[in-house]
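# Structural characterization, general
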Amino acid sequence: MATVGKVIKCKAAVAWEANKPLVIEEIEVDVPHANEIRIKIIATGVCRTDLYHLFEGKHKDGFPVVLGHEGAGIVESVGPGVTEFQPGEKVIPLFISQCGECRFCQSPKTNQCVKGWANESPDVMSPKETRFTCKGRKVLQFTGTSTFSQYTVVNQIAVAKIDPSAPLDTVCLLGCGVCTGFGAAVNTAKVEPGSTCAVFGLGAVGLAAVMGCHSAGAKRIIAVDLNPDKFEKAKVFGATDFVNPNDHSEPISQVLSKMTNGGVDFSLECVGNVGVMRNALESCLKGWGVSVLVGWTDLHDVATRPLQLIAGRTWKGSMFGGFKGKDGVPKMVKAYLDKKVKLDEFITHRMPLESVNDSIDLMKHGKCIRTVLSLE
């Protein structure tokens, strides 16, 4: 390619500061350094975690930044030491790395990796080093990916090579939301055939969790959300029952307990709200109920009464659905191509990158499941 070995100037949506609209700017994207890959991003989803950093986390050192972490693209060039990837291959950048060498990567028990950005700057949500500049200023790369840019540079340990036949403007959703929810049910909760589940929150992550529960063979899947408009969509992914907490005067945990003769076998919190996390735990059956925290937040402590756990419930957390990205994402792409996993049904809007602020407003007001931005 004509761009190989050169700094690329391209469009990106830059968040110059918290609580402000993103600005479409021309940025400079450096050449890939050792063990890095420069990727031409074709499409990206807009995830609630992007909004969390912009409107809730608001860390003073986390700006300016290019957000986005749910993208898919094509390898443009590779840096020294990269042998696994070649220009022209389709890839999905990963916000959780898989170095393959650390104690976590070598254990089947977790998808954490000691070489990821989260180990050096979890509050800032970006690695300290960046390949982006704009107007003479360093611009951070959100979660090490920054898919709201036409080009990005990612370490090879945080890139998954995918099937060349995969449609990038759809499988981009596997970069975060769908894998996060689906895996939380299948990998983390380990939902069992014939079980009863409750999923709190019916955004993309929650609907993917519903899909995961259904795939695992749950016989009853209760979808919980304040927006009744989402219930019909939840049916598409396998939900059997629907509960709006606003329709009841008693706590939602008591409502679910009465519906299920004591509580559900598995519950998944997909909102990122510590109060909902507690409700999800208390909705589980004592003795063996398992509740999984899936929604992202780091603003408040989460708490419950000891008896809830002493009675035999298990409280777990799940990041990226427990998938080791380089291994798991290609398998999820294949599952989609084999029609074993739904993706198209999550997409409610498609827009150009220039409409990124409109897509953010849709998500803020609960008017979309997933918006996919085209960067071509």
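Here, the structure is the one placed above.
Residues numbered from 1 in each chain as written. Predicted model: local features only at pLDDT ≥ 70, side-chain atom pairs only at ≥ 80, totals over all residues. Heavy atoms only, no water.

## A closer look at the overall build of the protein chain
Note the following rule: Secondary structure is summarised from DSSP: a helix means a run of H or I of at least four residues, a strand means a run of E of at least two, and numbering begins at the N terminus for each. When we talk radius of gyration, it's over C-alpha atoms, and the globule rule is simply 2.2 Å times the number of residues to the 0.38. Working rule for contacts: check all heavy atoms of both residues, and any pair within 4.5 Å makes them a contact. Each accessible area value is a Shrake-Rupley result obtained with a 1.4 Å probe; residue values ignore everything except the protein chains displayed when judging cover.
A count of helices and strands for the protein chain gives ten helices and 18 strands. Compactness check: the protein chain gives a C-alpha radius of gyration of 20 Å against a globular reference of 21 Å for 376 residues, within 12% of the reference. Projecting the C-alpha coordinates of the protein chain onto the three principal axes gives extents of approximately 65 × 40 × 35 Å. Counting contacts in the protein chain only where the partners sit at least 6 residues apart, residues at least 24 apart contribute 68% of the total. Of the roughly 15,800 Å² of accessible surface on the protein chain, a fraction of 51% belongs to carbon and sulfur atoms.

## Quick notes on the packing of helix α3 (residues 177-189) against helix α4 (residues 204-215)
Under the convention used in this document: Angles shown run from 0 to 180 degrees and are taken between the N-to-C directions of axes, each axis being a line fitted to C-alpha atoms and, for helices, limited to the stretch in contact. Throughout, the term roughly parallel applies to angles under 35 degrees, roughly antiparallel to angles over 145, roughly perpendicular to angles from 65 to 115, and oblique to all others. What makes a crossing left-handed is the near helix being turned counterclockwise from the far one by less than a right angle; a clockwise turn instead makes it right-handed. Basically, the charged four are Asp, Glu, Lys and Arg, the nonpolar ten are Ala, Val, Leu, Ile, Met, Phe, Trp, Tyr, Cys and Pro, and anything else, Gly included, counts as polar.
Interaxial distance between α3 and α4 falls to 7 Å at its minimum, and their mutual angle equals 40°. Between α3 and α4, the angle falls in the class oblique. Relative to α4, α3 is oriented so that their crossing is right-handed. Contacts between α3 and α4 pair Gly 177, Val 178, Thr 180, Gly 181, Phe 182, Ala 185 and Val 186 from the former with Val 205, Ala 208, Ala 209, Met 211, Gly 212, Cys 213 and Ser 215 from the latter. Grouping the amino acids of the contact of α3 with α4 by side-chain chemistry returns nine nonpolar, five polar and no charged.

## Considering the layout of surface pockets
Let me state the cut-off plainly: The way it works is a 1 Å grid over only the protein atoms, where trapped points that fit a 1.4 Å probe form a cavity and open points with protein on both sides within 12 Å along at least five of seven lines form a pocket, and then any residue with an atom within 4 Å of a point lines it. Grid points are joined across faces, edges and corners, and a volume is the space filled by probe spheres set on the points.
Of the volumes computed, that of the second largest pocket is approximately 440 Å³. Trp 117, Pro 127, Glu 129, Gly 144 and Asn 155 are, among the 21 residues lining the second largest pocket, the residues nearest its centre. In terms of residue count, the dominant contributor to the lining of the second largest pocket is strand β9 (residues 151-155) (three residues). Counted by class, the lining of the second largest pocket contains nine nonpolar, seven polar and five charged residues.

## Section: the sheet that holds strand β13 (residues 241-243)
Definition in use: For two strands to count as paired, DSSP must find a minimum of two bridges between them.
Ordered by their spatial adjacency, six strands build an open sheet running β13-β12-β11-β14-β15-β16, and the pairing between neighbours is parallel. Since the sheet does not close on itself, it has two edges, and those belong to β13 and β16 (314-317), each with one partner. Direction aside, neighbouring strands of the sheet carry axes that sit 20° apart on average. The sheet strands contacting α3 are β14 (266-269), β15 (290-293) and β16, and the helix crosses β15 at an angle near 135°.

## What about helix α9 (residues 325-337)?
So the rule is basically this: Given the number of residues in a helix, its expected span is that number minus one, multiplied by 1.5 Å. Whether a residue is buried, partly exposed or exposed follows from its accessible area with a 1.4 Å probe, protein chains only, as a fraction of its type maximum: under 20%, in between, or over 50%, in that order.
Under the 1.5 Å per step criterion, the end-to-end length of α9 is 18 Å for 13 residues, consistent within 8% with the ideal 18 Å. Of the positions making up α9, those classed as buried are Gly 325, Lys 326, Gly 328, Val 329, Met 332, Val 333, Ala 335 and Tyr 336. Looking at the buried residues of α9, the elements they touch are β6 (90-93), β10 (159-161), α2 (168-171) and α3.

## Overview of the packing of aromatic side chains
Stated precisely, the cut-off is as follows: Centres within 6.5 Å are what make two rings of Phe, Tyr or Trp a pair, Trp counting through its six-membered ring; a difference in plane orientation under 30 degrees is then read as stacked, over 60 as edge-to-face, and the rest as tilted. Look at NZ for Lys and CZ for Arg. If either is within 6 Å of the ring centre and within 35 degrees of the ring normal, a charge sits over the ring.
Tallied over the entire structure, the rule returns five aromatic pairs. Seen in terms of ring centroids, Phe 95 and Phe 320 are 5.1 Å apart; in terms of plane orientation they differ by 70°. Their pairing is edge-to-face. Highlighted residues: Phe 95 in the loop between β6 and β7 (132-134) and Phe 320 in the loop between β16 and α9, separated in sequence by 225 residues. Phe 320 shares its class with Phe 95; the two are buried. One aromatic cluster is present, formed by Phe 95, Phe 320 and Phe 323 through successive ring pairs. When the ring centre of Phe 85 is taken as origin, the NZ or CZ atom of Lys 161, which lies over that ring, is 5.6 Å away. Its end group placed over the ring of Phe 55, Lys 364 keeps NZ or CZ at 4.4 Å from the ring centre.

## Brief notes about the sheet that holds strand β4 (residues 65-66)
Read around the closed barrel, five strands run β1-β2-β7-β8-β4, paired in mixed fashion. Summarising the sheet, strand β2 (residues 23-29) and β7 pair through two bridges and their orientation is antiparallel. What sits directly across from Val 29, in β7, is Phe 132.

## Describing the pattern of salt bridges
To keep it simple, the criterion reads: Salt bridges are identified by distance alone: a Lys or Arg side-chain nitrogen within 4 Å of an Asp or Glu carboxyl oxygen.
The full count for this structure, using the stated rule, is 17 salt bridges. Notably, a salt bridge pairs Lys 60 with Asp 61, separated by 3.2 Å at the nearest N-O pair. Given a relative accessible area of 42%, Asp 61 falls into the partly exposed group. Close ionic contact of Arg 370 with Glu 70 constitutes a salt bridge, the shortest N to O distance being 2.8 Å. Note that Arg 370 is positioned in strand β18 (residues 370-374) and Glu 70 in the loop between β4 and β5 (71-78), a separation of 300 residues in sequence. A single burial state applies to Arg 370 and to Glu 70, both of which are buried. Salt bridges sharing common partners tie together Glu 36, Glu 129 and Arg 131.

## Some points on the side chain of His 69
Quick reminder of the rule: Between N or O atoms, a polar contact is any pair within 3.5 Å; within protein, one atom must be a potential hydrogen donor and the other a potential acceptor, and residues adjacent in sequence are included only when both atoms are from side chains.
The residue His 69 is located in the loop between β4 and β5 in this model. A distance of 2.9 Å separates the side chain of His 69 from the side chain of Asp 50, its partner in a polar contact. For His 69, the residues in contact, after removing those within four places along its chain, are Cys 47, Thr 49, Asp 50, Phe 95, Phe 142, Thr 143, Thr 145, Thr 147, Gly 175 and Cys 176.

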